[in-house]
Each structure stands twice: as structure tokens, then as C-alpha cells.
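Now for the letters of each chain:
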Amino acid sequence: MADVLPYTDADPSVAELLATHPHLKMDVHSGLMLEGVPLNAIADAVGTPCWVIGGNTLRSRMHRMQSAMQQAGLDVAIHYAVKANDHLAILSLLRAEGFGADIVSGGELARAIKAGMPAERIVFSGVGKTDAELEQAIGLGVGQINVESAEELDVISAIAQKLGRTATITLRVNPDVDAKTHAKITTGLAANKFGIPFHDAASLYAHAASLPGIRAVGFSTHIGSQILSTAPYRAAYARIAELVQTVRAAGQTVEVIDCGGGLGISYRNEPEGQPEALAGAIKAELGHLNVRLAIEPGRWPIGPAGVLLGSVILHKARGNEAPFLVLDTAMNDLLRPSMYDAWHGIVPLSAHEAALPAAHAHVVGPVCESGDTFARDRLLPPMQRGSRIAILDTGAYGAVMSSTYNSRPLAAEVLVDNGTWQVIRSRQTVEELWQDEIVPSHLAGTV
Ligand SMILES: *Cc1c(COP(=O)(O)O)cnc(C)c1O
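Per an unreviewed UniProt entry, the protein chain goes by Diaminopimelate decarboxylase and derives from Acetobacter tropicalis. Checking UniProt for the protein chain, the heading Subunit (unreviewed entry) contains the comment "Homodimer."

Written out as C-alpha cells, the structure reads:
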């Protein structure tokens, strides 16, 4: 359970964290660098808090997934899970590399199209798609809709008929396996809201084949996120294989199996999920079925590619007890520690500070919530007011989950690519916080 405290072993040191993050290097003079770009230079120019994504890291991790599948002899389409980081620059970069998109809302669909993603490379997942979203998706001709219930199948059939189109669908099957991950990111248990119960899937597939406006091509599954071993994948895929045999024996055709996402990364010192091992699980359980395969990774390719830069506003001493380091970044920027008890590596940008002996500190944000805590009792090099830090592995489920709670403007975002960097989202201004608010005229004073 990678995301769950408490840990019994010692926190990894700065050197140990850098060893598992090859795109980050500590330079004696420039300090922490990402893909060769000094993060201090970015913080000097843009300020903090600021998200930084390494484009080459993202590219090479996507290509590693692709070659792992190819080397296993598998025909696998890769649809990046847009919800992990939906920035148009990220989607454009992935489109240029030939990857597709897995989307869960009309907003994500619009983003993928805006980034130039061909509709046929888009897969629409999600437990509650509205009629408007389905009309948009079917109208645009998305490649595949993953259907999560019998009720939704009927709605899609009706909308497709109304539009005079045929919707290509798979049934998302809930295989009832435990992904052994954090409760808030487990999706493949019968108790979860996701997917069609395994025992209903074969009959619903037969029903789908009889529905007008529907072309049922196979099955999909997605059992959760931050999965670090192949056992839950194998268990899920074995059940899908069983289902394929059942429906084929009943005379139905199955052309596609969408294997979902969820491969985990190393936030602390857990060994990260290996695409080669995932490919092995897919090959072992599904390789003989003569189907087109797909995966939907989000966290694995982009999580490690990103850092969140912050500055220490105050070093709040507490006698003999661990001090509070109060940062200028907070839970409104990075929600994962508050929401999932997530552990994120914290590294000073200064090589001098990074080399000092570590001591325990609590790292917190300024938001008026006790949950606004990035780390408790963390072994860290000593830092002072004005020191800068990078919070690691924030490329996925980072900026996308930000809010403006406490009227804190959204942070700037930067893309490092091919040795240079560029702002890809300017820091939100305070005026932008209220630009869509309307004060009724009888209340208007100085506003
Ligand atoms: C969130 C999600 C993914 C991606 O999960 P990761 O853990 O980020 O790889 C893939 N497919 C579906 C249906 C999802 O909801």
C-alpha cells in the first residue's frame, strides 16, 4: 500500500531519491536540474509555486511502455489517461508521438480534440456520462466508448440512433479483484461503483449485439491506480479471458480487449511497476485470444516527469520538537498528501543545503486546514526562510486537482523540452479569481 502511512523504515535520503529519478541531477553550482535545466532559473523567472514537467521524460516513458508491449509480441494501442494531466501542451506532445487518449468527460474530449487528437484514437470511459457528453462523443466519432452499465448501454443505443450513427463500444467489466492499493483509488472490487458485475457481463454482451446503433467489439477493465505488482492484473485478465471464451462459445465475436491503466510508480522507495511485467501479464492471460489490445496509462508515464517548486515562507521553530517548514505551496496546489496520505519526496534546490545532515521537520502549507500537510516528521536537510524545494513525482494528479481554496491563484506551469523551458500556463492573477463572479446590483458597492 504505497500511499499509506506510517512507514517503519527510514525516509530515503536526497541521494537515494535522485538515484531513482534519473532526469533529476544535483549540480554543485546550479543546484537541482531537471533534464539539464536548473530549476532555480525557472523559479527566479516565474516564481513559486510552479509546476515543471519534463517533456523528454514523458516521451521516453511512453515509448518504454510501447516497446515493452512490442517486445512481448503484443499489438497494443496506448491511450494516455487524460485525467492524470490534461494540459493542452501535454496532449499535443503525446498526439505528436502517435498516442491516443482515454477520456472521462466532455471537457477532456474537447481538450483532446483541441490538441489535434484524431477522434478514432479517443476512448471514452467513465461511470456517469451525460447525454450531452455522449452526443458530443458519438457525433465526433470517438473510437470506442467503454460502457459501465446496462442502463448506459440503452442510453447510448438511443442517442446513436437519434444521430444516425453507430457507437463502437466495449463493456467495462468489474472483475472483483483487489488491486491492493489505497481504498480511494481501488476500482475493481464488486463494492466499487465502476463497471458491470462480472456475472452479468456475458448476457449483457449478447444483449448489446442485438441493440440498434451499437457495435459491441469486446471488453475493458480497469482495477485501480498505483498498482505495484502484476498479481492483480493477472487475476483480472484471467477473468476477462474466461469471459471471452464464454461469449465466443455462444457465437459472439470479440475483437478488442482494453486492459486499463493503473501501473504504479516509486514515490518513496517502493520498486516502481514495470511495463515489461505488465506486458508479461497481458501476454500470459490474453496473448492467445487473437484480439486487438489497448492500455490506458496515466500516472506511470507522467507522474515522475513532474515536480512542484515551492519556497519556505517561514521556518517555525518549536524548541526541541521538529520545526514546521511553512511553504508557499499548499493542498490547493497538490492535494494528494491530504487526500490519500500520499508520500512525496522533497528535495532542496540548493546543492549546499542538500548536502547538510538531515533532521526531522514537518512540511506544511499556509491553508487554514490541519490537513494541509505535505510531510510529518520527515528527515530533511535543514532549510530556512527563502530556501526553495522541489516536491517530486507530481506530474500526475497534481495540477489537475488544484483548486483556488483560500483565494490562492492557480500556480504557473512550465514545460522543459529538449534542454529549454517555456511557461505553458501563466500564474493566475487575483483578478481572475473573481472574473466570473456576479454581484447583484442591489449589493454592488465599490465592486
Ligand atoms: C484513471 C483511469 C486510468 C489511468 O489510471 P492510472 O493509475 O493513472 O494509470 C485508466 N483508465 C481509466 C478508466 C481510469 O479511470
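A. Quick look at the site of the ligand. Surveying the vicinity of the ligand reveals 14 residues, the closest of which are Lys83, Ser225, Gly262, Glu296 and Tyr397. A distance of 2.8 Å separates an oxygen atom of the ligand from a polar backbone atom of Gly262. Contact between the ligand and Glu296: a nitrogen atom at 2.5 Å from a side-chain N or O atom of the residue. Computed on the free molecule, the ligand has an accessible area of 390 Å², of which 94% lies beneath the protein chains in the complex. Assessed atom by atom at 2 Å from the grid points, the ligand resides in the largest pocket. Here the shell around the ligand is composed, by residue class, of three nonpolar, six polar and five charged.

B. Quick look at the confidence of the model for the protein chain. In the predicted model, the protein chain carries a mean pLDDT of 95, and 98% of its residues have values of at least 70. Across residues 1-5, where pLDDT falls below 50, the model places 17 contacts with residues more than four positions away in sequence or in other chains.

C. Broad picture of the sheet that holds strand 1 (residues 24-27). Strand order in the open sheet formed by three strands is 1-2-3, with antiparallel pairing between adjacent strands. The open sheet is flanked by strand 1 and strand 3 (37-38), the only strands paired with a single partner. Bridge count for strand 2 (residues 31-34) against strand 3 is two bridges, and the pairing is antiparallel. Following the sheet pairing, Met33 is matched in strand 3 by Pro38.

D. Molecular detail of helix 2 (residues 39-46). When we look at burial in helix 2, the residues that qualify are Leu39, Ile42, Ala43 and Val46. Viewed along the axis of helix 2, the buried residues span an arc of 95 degrees, placing them on a single side of the element. Of the residues in helix 2, the exposed ones pointing more than 90 degrees away from the buried face are Asp44 and Ala45. Two residues or fewer past helix 2, Gly47 is found with a positive phi of approximately 85 degrees.

E. Layout of the pattern of salt bridges. Scanning all chains against the criterion turns up 16 salt bridges. The closest approach of N and O atoms between Arg172 and Glu148, which form a salt bridge, is 2.8 Å. Residue Arg172 is located in strand 9 (residues 167-174), and its partner Glu148 is located in the loop between strand 8 (144-147) and helix 7 (150-163); the two are separated by 24 residues in the primary sequence. Across the pair, exposure class does not vary: Arg172 and Glu148 are buried alike. Ionic pairing is found between Glu255 and Arg292, a salt bridge with its closest N-O pair at 3.1 Å. Taken together, the residues Glu255 in the loop between helix 9 (231-249) and strand 12 (256-258) and Arg292 in strand 13 (residues 292-295) connect sequence positions 37 residues apart. Its relative accessible area of 44% is what places Arg292 among the partly exposed residues. Connected via shared salt-bridge partners are Asp9, Asp11 and Arg268.

Parameters and conventions
- Residues numbered from 1 in each chain as written.
- Predicted model: local features only at pLDDT ≥ 70, side-chain atom pairs only at ≥ 80, totals over all residues.
- Heavy atoms only, no water.
- UniProt positions renumbered as here; feature names shortened; annotations may be inferred.
- Near = heavy atom within 4 Å.
- Polar contact = N/O pair within 3.5 Å; in protein donor to acceptor, adjacent residues only side chain to side chain.
- Areas by Shrake-Rupley, 256 points an atom, 1.4 Å probe, with all protein chains shown as cover.
- 1 Å grid on protein atoms, 1.4 Å probe; cavity = no way out; pocket = protein on both sides within 12 Å on 5 of 7 lines; lining within 4 Å.
- Sits in = over half its atoms within 2 Å of the grid points.
- Nonpolar A, V, L, I, M, F, W, Y, C, P; charged D, E, K, R; others polar.
- pLDDT = per-residue confidence, 0-100.
- Contact = heavy atoms within 4.5 Å.
- Pairing = 2+ DSSP bridges.
- Helix = DSSP H or I, 4+ residues; strand = E, 2+ residues; numbered from the N terminus.
- Buried < 20%, exposed > 50% of the residue type's maximum accessible area, 1.4 Å probe, protein only.
- Arc of directions from axis to C-beta.
- Salt bridge = Lys/Arg side-chain N within 4 Å of Asp/Glu carboxyl O.

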